[in-house]
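# Per-entry structural report
Residues per chain are reported as follows:
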Amino acid sequence: MERILSVKDLRVTYRTPAVAVEAVGGISFSLAPGEILGLAGESGCGKTSAASALMRILPHTAEIGGEAFIGGTEILSLPEEEMSKIRWRKIAMVFQNAQAALNPTKTIGYQIAEPLMIHLRYPRRRALEEAASLLARVRIDPKRLTDYPHQLSGGMRQRAVIAMALACRPLVLIADEPTTALDVMVQAQIIELLKELRDEYGLSLIYISHDLLLLAEICDRIAVMYAGLVVEVAPTGGLFQRPLHPYTRKLLGAVTVLGVRAQRLETIPGAPPRLAPPPPGCRFAPRCDRVSGACREGMPPLEPVGKGRRVACWNWRGEDVPS
Amino acid sequence: MSLLEVRELTVAYPVAVGLSAFFSRRYLVAVDHVSFSLPEGGTLALVGESGCGKSSTGLAVLGLLEHVEGEVLFRGRDVLRMREKERREFRRHAQIVFQDPYESLNPKMRVRTIVGEPLAIHRRRGETGRLKEALELAGLSPPEYFLDKYPHELSGGERQRVAIAAAVVLQPKLLILDEPVSNLDVSIKAGIMNLFRDLQDQLGLSYLFITHDLADAFFLADEVAVMYLGVAVEKGETDEVLSHPLHPYTEALLSVAPGSGREKLILAGDVPDPLHPPPGCRFHPRCPRARGRCSEEVPPEVEAAPGHRVRCFYVSRGERDPHLEEPKPIH
């Protein structure tokens, strides 16, 4: 099958003179054209580090390993001047804090036009015209081209940032918790917008969130991360009907769901392991209710188990097996 | 009997905009004639988006705000009109847990001091037994391990448990929970939500649970009040309101909650500026059901079903009223 992005054994290690923290411990996934892949996990699981590594926007203390191909080009080893031709033009990213992603001293219009002038060498006037149509596309009145970020609401700022990211028509858009700071109604607006953009431009999306129910609304497939590794990948429906990894099961049991009267929520005792360096064996073993001898010896690989699913667990079969 | 009875509560904040600050005082009305009651041992959730007035309501109930009108009756006595001595006694019975345990705990204090402070203020110093008991109740066990820690030595979940221990150490009757789990990871949040259940069972606490998350309200609350721009637009038993929403705002809010399984009713635009709220029903500019009357008159609160109150002229009753036009397209 055609792949727009394929990531192989991606590693991110943050080095200081004293320690080396392996934030991402070797993850692989791929993205089909027009696909929305969710990256789920709790704080510190490495989801943002992995995304930032693909954009090559990590600080110098971060060491990146593995390979990532966009349209045949391996981007993790590209020199910076080559990467700057790919960043925003082939792969773009939207962040949680739209306020911080915008320059408070420049108008919205200028900031959307800027990538067009820099990367595609549009003359100023044409770039501003294009910015106006991009603004309209994300449903902001083009009259607001001359507004400054502080004049927009939180939801509009995030739309403006999406317009900036889309200016150069990238193939892949990474959305890193883009609605976490927003109200639910605005969140729903943004989700709908992203889906439309996918349908219209065939954009491929990596959507990062800690909120599994939200991911269920937008993603075709979901990859669940824990302690720097992907522990389970599955089509969205299958993941919710039959989570296979013990961590995914626990996580789904911990969520409050409308209309489901739970007496108690699942909790996961303990805390994720320190990753400097990561412990041997399965990283979830100390908190797992299905732990066995094999779990303490080696990290189980992420292996295909049928129906487009992969899981990294020695004991995933447990009581139920996907039919 | 109700532990807490709030009647026509109105909260305003003075705002100074340019020269107007010198000439006339303007007020932003954050909470507009909100009424509700909370039975002993019960939980009421105040639900709504940012700026709807839910937190202001919580603070006003504790008597922490100025420019408040209406009545806040705690066991029949009006908190807003209490004298100092009585108010002090009330404060012993009513405590609050805030959203962010990274900011609500003093970083220079040890757990011992943070949780002991309410005891000291209410002249119950030296009751280490109480202190340990509170930590134990909040799930911080063994308490000795935590007593001499500073907040930075604890995880987010542990910090929130410290805040909860400090809130229950005086054996209060009422806890205001102001978005207490919104900054926590899923697995940690679940533990805190379970803890609230347990504490209620053990101590008979009443909760005023302030949240933007309908699913959390559904988990914890017996009753719910949905707020929009300072107005409680719909109130009733949680199951009833969430399964048969009557107000168009509640319907929309419910439909966009992830995992609701409902058809999405996405409202366009943003909540209007609270300094210039729309006339009539405050929701009318975004309402798919709005008609002429809605922009002129404020809809009164009506009891549409037993215990289920709503402020809307055109209440939905599960199915669409055939006399109404089709709802406007959302965008």
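When its secondary structure is counted, chain B shows 11 helices and 12 strands. The C-alpha atoms of chain B give a radius of gyration of 21 Å, which matches the 20 Å a tight globule of 331 residues would have. Expressed as lengths along the three principal axes of its C-alpha atoms, the size of chain B is roughly 70 × 50 × 40 Å. A total of 331 residues make up chain B; the buried ones form 45% of that total. The long-range fraction of contacts in chain B, counting pairs at least 24 apart against all pairs at least 6 apart in sequence, stands at 65%.

Let us now look at the environment of alanine 268 of chain B. All names here are of chain B. Inspection of the secondary structure assignment puts alanine 268 in the loop between helix H11 (248-256) and strand E11 (302-305). On the basis of neighbour counts, which here come to 13 C-beta atoms within 10 Å, the residue alanine 268 falls in the partly exposed class. Spatially, the C-alpha atoms of alanine 268 and cysteine 287 are 9.7 Å apart, while their sequence positions differ by 19 residues.

Now for the sheet that holds strand E2 (residues 26-39) of chain B. All names here are of chain B. The strand order E2-E1-E4-E5 describes an open sheet built from four strands, whose pairing is antiparallel. Strand pairing shows two members of the sheet lacking a second neighbour, E2 and strand E5 (77-78), which therefore form its edges. Along the sheet, helix H2 (residues 54-61) makes contact with strand E1 (2-15), E2 and strand E4 (68-74), crossing E1 at roughly 115°.

Our focus in this paragraph is the domain arrangement of chain B. All names here are of chain B. Structurally, chain B comprises domain 1 (39-66 + 81-242) and domain 2 (244-331). Relative to domain 2, the C-alpha centre of domain 1 lies at a distance of 31 Å. If you look at the interface, domain 1 gives 17 residues, while domain 2 gives 21 residues. Taken together, the elements giving at least two residues each to the side of domain 1 that touches domain 2 come down to helix H9 (214-220), strand E9 (223-228), strand E10 (231-237) and helix H10 (238-243). Per element, the largest residue contribution to the side of domain 1 that touches domain 2 is six residues, and it comes from E10. Tallied by class, the residues present in the side of domain 1 that touches domain 2 amount to nine nonpolar, three polar and five charged.

Okay, the interface of chain A and chain B next. Every contact between the two is made by 30 residues of chain A and, on the other side, 27 residues of chain B. At the level of secondary structure, the elements contributing two or more residues to the side of chain A that touches chain B comprise helix H7 (184-201), helix H8 (212-218) and helix H10 (246-253) of chain A. Grouping the constituent residues of the side of chain A that touches chain B by class yields 15 nonpolar, seven polar and eight charged.

An α-helix turns once per 3.6 residues; consequently, residues spaced three or four apart project the same way. All names here are of chain A. Over its 12 residues, helix H4 (residues 108-119) runs 18 Å from end to end, which matches the ideal 16 Å to within 8%, given 1.5 Å per residue. Buried within H4 are the following residues: Ile108, Gly109, Gln111, Ile112, Ala113, Pro115 and Leu116. Next to the buried residues of H4 lie helix H5 (124-137) and helix H6 (154-166). In the stretch just after H4, arginine 121 is the one whose phi turns positive, near 55°.

Rules behind the numbers
Residues numbered from 1 in each chain as written. Chains lettered and ligands numbered in written order. Predicted model: local features only at pLDDT ≥ 70, side-chain atom pairs only at ≥ 80, totals over all residues. Helix = DSSP H or I, 4+ residues; strand = E, 2+ residues; numbered from the N terminus. Rg over C-alpha atoms; globule rule 2.2 N^0.38 Å. Buried ≥ 20, exposed ≤ 12 C-beta atoms within 10 Å, placed from the backbone. Contact = placed C-beta atoms within 7 Å. Pairing = 2+ DSSP bridges. Axes fitted to C-alpha atoms, helices over the stretch in contact; angles between N-to-C directions. Domains from an automatic or database assignment. Nonpolar A, V, L, I, M, F, W, Y, C, P; charged D, E, K, R; others polar. Expected span 1.5 Å × (residues − 1).

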